[in-house]
Amino acid sequence: MSLFVILRLKGKQKRGTLGKKETKAAQDLLDSLIPLGMVFGSALGLVLSLIFPFAMSTGITFGAGFGLLGGYFAYEHSSRQEERNVQ
């Protein structure tokens, strides 16, 4: 999962097609979506590891991975929404 996200973002950076927003606050939110996804994913993994019978470290790790993927998809959705408004 993380390799997919890293390679996709690296390719977007080389092409110069990373998401851009007009205001600084909107750009800061866009740049924070991936780390926020990892934080919320880790928290969800922690809670799930308390409920279900698997190790806490496993829950946090998989939660962060799924959060990274979710944050990337939110990043893509938000940056494409801006492209649609421009065209």
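Rules used throughout
- Along each chain, the written sequence defines residue order, and numbers are assigned to residues from 1.
- A pLDDT threshold of at least 70 governs which residues receive local features in this predicted model, and a stricter bar of 80 or more applies before side-chain atom pairs are shown or counted, although totals over entire chains, interfaces and linings include all residues.
- Calculated side-chain values reflect all of the structure's heavy atoms, with hydrogen atoms and water omitted.
- Strands are runs of DSSP state E lasting at least 2 residues, helices are runs of H or I lasting at least 4, and numbering of each runs from the N terminus.
- In this analysis, the expected span of each helix is defined as 1.5 Å times one less than the number of residues it contains.
- Across the chain, bend at a residue is computed as the angle between axes fitted to the seven residues ending at that point and the seven starting from it.
- Think of it in three bands: with a 1.4 Å probe and only protein chains considered, a residue is buried below 20% of the maximum accessible area for its type, exposed above 50%, and partly exposed in between.
- Between two residues, a contact is recorded if the distance between any of their heavy atoms is within 4.5 Å.
- Residue-level confidence of the predictor is summarised by pLDDT, bounded by 0 at the bottom and 100 at the top.
- To pair, rings of Phe, Tyr and Trp, with the six-membered ring standing in for Trp, must have centres within 6.5 Å; the planes then decide the type, stacked if under 30 degrees apart, edge-to-face if over 60, and tilted in the middle.
- The salt bridge criterion pairs a side-chain nitrogen of Lys or Arg with a carboxyl oxygen of Asp or Glu, the two atoms within 4 Å.
- In plain words, nonpolar cores are sets of buried Ala, Val, Leu, Ile, Met, Phe, Trp, Tyr and Cys residues tied together by side-chain atoms within 4.5 Å.

Further remarks concern helix H2 (residues 24-51). Note: α-helices contain 3.6 residues per turn, so residues at a spacing of three or four share the same orientation. With 28 residues, H2 should cover 40 Å at 1.5 Å per step; its first-to-last C-alpha distance of 40 Å lies within 8% of that length. Along H2, the largest kink reaches about 45° and is centred on Leu33; proline Pro35 follows within four residues of it.

This part covers the environment of Ile34. Relative to the helices and strands, Ile34 resides in helix H2. The exposure class of Ile34 is buried, given its relative accessible area of 13%. On a C-alpha basis, the gap between Ile34 and Tyr75 in space is 7.0 Å, while along the polypeptide they are 41 residues apart. Setting aside anything within four residues of it in sequence, one finds Ile34 in contact with Leu9, Gly67, Leu68, Gly71, Tyr72 and Tyr75.

What follows deals with the confidence of the model for the chain. Looking at the chain, the pLDDT average stands at 89 and 92% of residues meet or exceed 70. By mean pLDDT, helix H3 (residues 56-86) is the weakest element of the chain at 86, and H2 is the strongest at 93.

Taken as a whole and assessed by the stated rule, the structure comprises two aromatic pairs. Between the aromatic rings of Phe4 and Tyr72, the centroid separation amounts to 5.8 Å while the plane-to-plane angle is 85°, which identifies the pairing as edge-to-face. On the criterion of sequence distance, the pair formed by Phe4 in helix H1 (residues 2-15) and Tyr72 in helix H3 is long-range, its members being 68 residues apart. Looking at Phe4, the relative accessible area reads 37%, which means it is partly exposed. For Tyr72, a relative accessible area of 1% corresponds to the buried category.

Moving on: the pattern of salt bridges. In the structure shown here, the tally under the stated rule is three salt bridges. In this structure, Lys12 engages Glu76 in a salt bridge whose closest nitrogen and oxygen atoms are separated by 3.4 Å. Residue Lys12 is located in helix H1, and its partner Glu76 is located in helix H3; the two are separated by 64 residues in the primary sequence. Relative accessible area serves as the criterion here: at 10%, Lys12 is assigned to the buried category. Of the residues examined, Glu76 reaches a relative accessible area of 8% and is grouped as buried. Each of Lys12, Glu76 and Arg80 takes part in one network of salt bridges that share partners.

Counting eight residues, the largest nonpolar core consists of Val5, Leu30, Leu33, Ile34, Leu68, Leu69, Tyr72 and Tyr75. Breaking this core down by element, the ones donating at least two residues are H2 and H3. If one sorts the elements of this core by residue count, H3 sits on top with four residues. Apart from the residues lying within four places of it in its own chain, the contact partners of Val5 are Leu68, Leu69 and Tyr72.

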